[in-house]
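# Observations on the three-dimensional arrangement
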Amino acid sequence: MQLCIDGHSMSPRRVFLNIVNSRVSSFVFGSNMATNVLKMWSRPFVEVVGTLKRFQATGVYQARKLATYSTNAATQKLAQQTESGTVKIQDPLQHPDYFDVHKLFTLQDLFRANVHVGHKTGLLNVHMRKYIFGVRQKICIIDLDKTVKHLQIALNFASHIAYRKGSILFINRSLQFTHLVEKTAKECGEFAQTRRWQGGCFTNSLVQYGPEVKLPDLVVFLNTQNNVFQEHAAVRDSAKMNIPTIGIVDTNCNPNLITYPVPGNDDTPDAMELYCRLFKNAILKAKQMRKEFDDHDNVM
Amino acid sequence: MVEVDQTQTTGYQQLGQGANSQTRLANTGSVELNALLTFIPITCRVQNLMKAGVIKEKNKPVWFDVMKAFPPLEEPLYLRKIDKRPLPNILYPEDKIRAQFYQVYGSQGAIDLKNKTSIAQSLCHIFIQKYQELEKKDDVDCYRLFNLTVEELAREGLVLKKRRKYSLQSKQSDKEKRFLETQPIKDPKITDMIKKALQMAEHAEKKASNDEVKMFDTNKKS
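Residues numbered from 1 in each chain as written. Chains lettered and ligands numbered in written order. Predicted model: local features only at pLDDT ≥ 70, side-chain atom pairs only at ≥ 80, totals over all residues. Heavy atoms only, no water.

The next point concerns the overall build of chain A. If you tally the helices and strands in chain A, you get 8 helices and 11 strands. Considering chain A as a whole, with its 300 residues, one finds that 54% of them fall into the buried category. Sequence-distant contacts, at least 24 apart, represent 64% of the contacts inside chain A between residues at least 6 apart. (Helix = DSSP H or I, 4+ residues; strand = E, 2+ residues; numbered from the N terminus. Buried < 20%, exposed > 50% of the residue type's maximum accessible area, 1.4 Å probe, protein only. Contact = heavy atoms within 4.5 Å.)

The helix and strand tally for chain B stands at 11 helices and 0 strands. Helices and strands appear in chain B in the N-to-C order α-α-α-α-α-α-α-α-α-α-α. Taking contacts inside chain B between residues at least 6 apart in sequence as the whole, the part at least 24 apart equals 50%. Of the accessible surface of chain B, which amounts to about 16,100 Å², a share of 53% is contributed by carbon and sulfur atoms. (Areas by Shrake-Rupley, 256 points an atom, 1.4 Å probe, with all protein chains shown as cover.)

All names here are of chain A. Residue position: Asp 237 is located in helix α7 (residues 233–240). The exposure class assigned to Asp 237 is buried, which follows from its relative accessible area of 1%. Sequence-distant contacts of Asp 237, defined by excluding residues within four places in its chain, comprise Trp 197, Gly 199, Phe 202 and Thr 203.

Looking now at the packing of aromatic side chains. Residue and element names in this part refer to chain A. The full count for this structure, using the stated rule, is 13 aromatic pairs over all chains. Between Tyr 98 and Tyr 163, the ring centres sit 6.0 Å apart and the planes meet at 75 degrees, which makes this aromatic pair edge-to-face. Separated by 65 residues along the polypeptide, Tyr 98 in the loop between α2 (72–82) and α3 (107–112) and Tyr 163 in helix α4 (residues 144–163) bring together distant segments of the chain. The buried category is assigned to Tyr 163, whose relative accessible area is 2%. Here the aromatic rings of Trp 197 and Phe 202 are separated by 5.0 Å at their centres, their planes lie at 90 degrees, and the arrangement is edge-to-face. Like Phe 202, Trp 197 is buried. (Phe/Tyr/Trp six-rings, centres within 6.5 Å; stacked < 30°, edge-to-face > 60°.)

This part covers the nonpolar core. Residues and elements named next belong to chain A. By size, the foremost hydrophobic cluster in this structure holds 56 residues, and its most contacted members are Phe 157, Phe 170 and Ile 246. Element by element, the count of residues in this core is highest for helix α8 (residues 269–299), at 11 residues. In this structure, Leu 124, Ile 142, Tyr 209 and Val 219 belong to the second largest nonpolar core, which totals 27 residues. (Core = buried A, V, L, I, M, F, W, Y, C linked by side-chain atoms within 4.5 Å.)

Residues and elements named next belong to chain A. Spatially, 3 strands are ordered β4-β6-β5 in an open sheet, and the strand pairing comes out antiparallel. Both outer strands of the open sheet, β4 (117–120) and β5 (132–136), are each paired with one neighbouring strand and no more. Taking the axes of each pair of neighbouring strands and ignoring which way they run, one obtains an average angle of 30 degrees across the sheet. One ladder, built from 2 bridges, connects β4 with strand β6 (residues 139–142); its direction is antiparallel. Counted as the bridge partner of Val 117 is Ile 141 from β6. (Pairing = 2+ DSSP bridges. Axes fitted to C-alpha atoms, helices over the stretch in contact; angles between N-to-C directions.)

Read these as layout, nothing more, since geometry by itself doesn't imply function.
Here you go:
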């Protein structure tokens, strides 16, 4: 499913905000006012309808609640079968690295892709200092040990979200990598927004796009800045709307509002291709595993 | 006002308690950021909304359990303490030699640092290796070591060309220099002839200044 939230034209020709049939989940509107939370909830919010799993020949819809995904029932079922010696499936959240994210990349790969190279010291954002290894010829060098840790956690989180059939939005406003990001999103069946950001995209989605539209469950920033080197509005907006974010933060970016920042270079094509490839592979793997689980579950 | 549960034992408890102290700090004038956004990260907010009963268990967001199981390494707070220590410079012991080398011999062209062979073949690298070799052998001071390495390399067949600024002062008189600079002639024979002529002229001048008057005989030259 390709989604392109295009700020420019509202033409139906362009792929647009899909009014999701297959992924309807509850809205959580972040309140803009600290005071009366209950008043804000006067807006209608969509209840969990569930995923439309499969339309079977007999016409029976198999609905399953998304939010209360639990493997308890499934594991019980599976436990009975494991006596015969089949594969033991556990709750993915219990496993420290269910999707083998640590196998996706090595520190050497990051180095080869120039992920450690930051901007010059004059451009250094004060909050990025903890991620800097040192300064070489006035160029900030990012500590790759930290990057590895952050990137593994970020990929793991993204995998889990994909496993739970959450929607992921890739954001990048660097013109050089517009096509790359859109292609990545398309290949892993997720969404991308690489054009001008409309002010109320998240915060005013009810009015702008209607009540049926669901906001993404995870936003991945491949560049946290917009095309004029300021922080992208979506960083603040996703924090407002209670949407977790993963962001590749370069030395001139502010990582504070991003839930899973990944300190690294966001200007080199090698580095960007690496990130896109990693996220794509992680998401596809997670989806594959989920599909296997569903099929296995269905068989019984 | 969203109540922050003080009895929580999660890692976010600090935050709830610290909210008041942070409000006092918030004279930064962050107009676009509202209070909740600035001080309380999303997990905490959603957790509190759930406690308050606004978000039902069945409606909880997809990411909630995942984030509980795999929390971020640092809480995503907007206001954080800034580490004001100076950033360390990345320096190596060879940098001293490198600096000296480039000062005397100038840029030797671009080196592809990703390519090991291009580094190994670069003049600077060869120089440094030689220098370090000689350093291990004798306990000589760095000034002599530099010249030693130059000599060693010359012996092995690698002659380095100094930058103009550092080139040795040749025994050229001012007149000769000026002449050569204004009229660069490539034919060595002619330059030699001119040199000789000028030398003769100088010689004559010296003699004249020493109160020895002698006619400059052009026939003698040829």
